[in-house]
Amino acid sequence: MSDTMSKLSTDNYKHEAGSRWSQNSASVYIASTDKTIVKAYQTALANWNATGSFTFNIISDKASADIIAKDYSDANSQAAGLAETETNAVTNRMSHVDVKLNRYYLLDASYGYSFDRIVHTAEHELGHAIGLDHDDKETSVMASSGSYNGIQTVDITAVKKLYAN
Ligand SMILES: [Zn+2]
């Protein structure tokens, strides 16, 4: 376990090929009350919106939100975040996603997460929330471990391709 810091995976995401929202926009309710986590989500959402590939609308009504952005604390998961996706099995369209950032690792200075890496973790989980799978072949925000990369051109291209029709 001594290499937890370097080997910590972003998450253990199970991807369904082609799963996405019916259009390239979704509403988000930020349910975290931790200041750093909230700021990281707000920054990550703004960064995704700035790409023009997908639009997140932050709303104040939790009950009507497509995506709920939460935090949790789990020392046993070996994951810095999670995305739990509900998808209609017939249409392969997403109906609800919970994204979660793991306070246990992200907010403990001994694990070495800078604010930028917390933002990258949020961008990664939001990437899952709009249908992206892991990408370890090139520099990508969807790398399966480390959270060292922000949103890259390859990620924007992947979203545009997923929502092309
Ligand atoms: Zn992931």
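Residues numbered from 1 in each chain as written. Predicted model: local features only at pLDDT ≥ 70, side-chain atom pairs only at ≥ 80, totals over all residues. Heavy atoms only, no water.

Given 3.6 residues per turn, any residue in an α-helix points the same way as the ones three and four places further on. Among all positions of helix α5 (residues 153–162), only Asp-155, Ile-156, Val-159 and Leu-162 are buried. Each buried residue of α5 sits inside an arc of 130° when the element is viewed along its axis, so together they form one side. More than 90 degrees from the buried face of α5, the exposed residues found are Thr-153 and Lys-161. Looking at the buried residues of α5, the elements they touch are α2 (35–51). (Buried < 20%, exposed > 50% of the residue type's maximum accessible area, 1.4 Å probe, protein only. Helix = DSSP H or I, 4+ residues; strand = E, 2+ residues; numbered from the N terminus. Arc of directions from axis to C-beta. Contact = heavy atoms within 4.5 Å.)

Here the focus is the confidence of the model for the protein chain. The predicted model of the protein chain averages 92 in pLDDT, with 95% of residues at 70 or higher. The low-confidence segment residues 1–6 (pLDDT under 50) makes seven contacts with residues lying over four places distant or belonging to another chain. (pLDDT = per-residue confidence, 0-100.)

Our next topic: the layout of surface pockets. Taken as a whole, the largest pocket encloses approximately 290 Å³ of empty space. Considering the residues around the largest pocket, the lining is formed by 17 residues, among which His-15, Gly-131, Leu-132, Asp-133 and Ala-158 are closest to the centre. Class assignment of the residues belonging to the lining of the largest pocket gives a composition of six nonpolar, six polar and five charged. Taken as a whole, the second largest pocket spans an internal volume of roughly 180 Å³. Lining the second largest pocket are 13 residues, and of these Tyr-13, Lys-14, Ala-83, Glu-84 and Thr-85 lie nearest its centre. Of the residues forming the lining of the second largest pocket, the biggest block, five residues, is contributed by strand β4 (residues 81–87). Of the residues that constitute the lining of the second largest pocket, the class distribution is four nonpolar, five polar and four charged. (1 Å grid on protein atoms, 1.4 Å probe; cavity = no way out; pocket = protein on both sides within 12 Å on 5 of 7 lines; lining within 4 Å. Points joined across faces, edges and corners; volume = space filled by probe spheres on them. Nonpolar A, V, L, I, M, F, W, Y, C, P; charged D, E, K, R; others polar.)

Within strand β5 (residues 94–102), eight of the nine residues are buried, which leaves it mostly tucked inside the rest of the structure. Alignment of strand β3 (residues 67–72) against β5, held across six bridges, turns out to be parallel. Across the sheet, Ile-67 pairs through a bridge with Val-97, a residue of β5. Strand direction decides the pairing type here: β4 and β5, joined by seven bridges, are antiparallel. Opposite Glu-84, over in β5, you have Asp-98 as the bridge partner. Hairpin connection from β4 to β5: six residues lie between these consecutive antiparallel strands, with Asn-92 at a positive phi of about 60°. (Pairing = 2+ DSSP bridges.)

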